[in-house]
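# Descriptive structure summary
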Amino acid sequence: VDSLFNSLATLFSIDIYKEYINKDANDTQVVNAGRKTILFSLITGIIMGLIFVYVKFKNPELAFTHYLNNLRYYINCGIVVVICTAAFLIMPNRKLTLVAFLCTGPLHYVFQSFFPEMNYFVRSGWVIVIAFSLIAIPAISKNGLRSKEEIFKFASDDLKWYGLALLVSLGVLHVLFH
C-alpha cells in the first residue's frame, strides 16, 4: 500500500500538478499536492470499499468477483486504448485520443444495455476495438503505424529470450486451461 500511495503521489504531483496545474510550484507545494493526493485516494478507497461491502451484504448471492470485473473493465478499456495508441501509432490526435478514452465507459454501458448476456471480457474487446479505431483510422491514414523494429525493441538478447519464453508459456497455459 505504501508503494502504491508513493507512486500515485509522485505521478500526480510531478506529472500533473507541476506540469499543468502550477508550473511555478516549489518543492513544498509539490510535496503538499502529493500528500493531498494520498489523502484523497485513501478516502476514495475507503468509500468504495464501504459501497462494495454494502452491495455484497444487500445481495449475498451476488457473484462478487464477476461484479468487480465488470466494473473494472469500465476503466481498464480506456487505459488499454491509450497504451495501444502510444505503442502502435505515430502522432495520434490528442483530442481524439481523449475523446476515445472517455467514450469507453459509455460504450460499455451501451453494450451492456443492448447485449446483457454478453460476457464482460468479450464486451471489453469490442469496446477497445471501437475506441481504438476512432484514433487509429485517422492516425494511420495521416502518419502510418510504428515500424516493427520500434514496437519490438528489446533491451538485450537475454531479455528478448525471456520475454519470448514468457509469451509461449502464457499461450500454453491458455490452451491448457481454457
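This structure is a prediction, so every number in the text was calculated from the model and none was measured.

## Comments concerning the overall build of the protein chain
Within the protein chain one finds 7 helices and 0 strands. Each helix and strand of the protein chain, ordered N terminal to C terminal, gives the series α-α-α-α-α-α-α. Taking 2.2 N^0.38 as the reference for a compact globule, 178 residues should give roughly 16 Å; the C-alpha atoms of the protein chain span a radius of gyration of 20 Å, well beyond that estimate. Sorting the 178 residues of the protein chain into buried and exposed places 20% on the buried side. Within the protein chain, counting contacts between residues at least 6 apart in sequence, those at least 24 apart form 61% of the total. On the protein chain, roughly 13,500 Å² of surface is accessible, and the fraction owed to carbon and sulfur atoms is 70%. Considering the protein chain, the positive charge centre built from 15 side chains and the negative charge centre built from 11 side chains are found 7 Å apart.

## A short note on the packing of aromatic side chains
The geometry of two aromatic rings is summed up by the distance between their centres and the angle between their planes. The final tally for this structure, using the stated rule, is 3 aromatic pairs. Plain terms: the ring middles of phenylalanine 111 and phenylalanine 115 are 6.0 Å apart, the flat faces sit at 35° to each other, and that makes the pair tilted. Look at phenylalanine 111 and you get buried, because its relative accessible area is 13%. Look at phenylalanine 115 and you get partly exposed, because its relative accessible area is 45%.

## As for the nonpolar core
The biggest cluster of nonpolar side chains holds 7 residues, and these are Val81, Leu89, Ala100, Ala131, Ile135, Ala136 and Ala139. Top element by residues in this core is helix H5 (residues 120–143). It accounts for 4 residues.

## With respect to unusual backbone geometry
You will see that methionine 91, though not glycine, has its phi angle at about 50°, which is positive. Note that methionine 91 resides in the loop between helix H3 (64–88) and helix H4 (94–114). Since its relative accessible area comes to 66%, methionine 91 is described here as exposed.

## Topic: the environment of tryptophan 126
Within the secondary structure, tryptophan 126 is located in helix H5. Between the alpha carbons of tryptophan 126 and asparagine 76 there is a distance of 13 Å; along the sequence they are 50 residues apart. With sequence-adjacent residues up to four places away left out, tryptophan 126 is seen in contact with Phe111 and Met118.

Scoring rules and cut-offs
Residues numbered from 1 in each chain as written. Predicted model: local features only at pLDDT ≥ 70, side-chain atom pairs only at ≥ 80, totals over all residues. Heavy atoms only, no water. Helix = DSSP H or I, 4+ residues; strand = E, 2+ residues; numbered from the N terminus. Rg over C-alpha atoms; globule rule 2.2 N^0.38 Å. Buried < 20%, exposed > 50% of the residue type's maximum accessible area, 1.4 Å probe, protein only. Contact = heavy atoms within 4.5 Å. Areas by Shrake-Rupley, 256 points an atom, 1.4 Å probe, with all protein chains shown as cover. Lys, Arg positive; Asp, Glu negative; His and termini not counted. Charge placed at Lys NZ, Arg CZ, Asp CG, Glu CD. Phe/Tyr/Trp six-rings, centres within 6.5 Å; stacked < 30°, edge-to-face > 60°. Core = buried A, V, L, I, M, F, W, Y, C linked by side-chain atoms within 4.5 Å.

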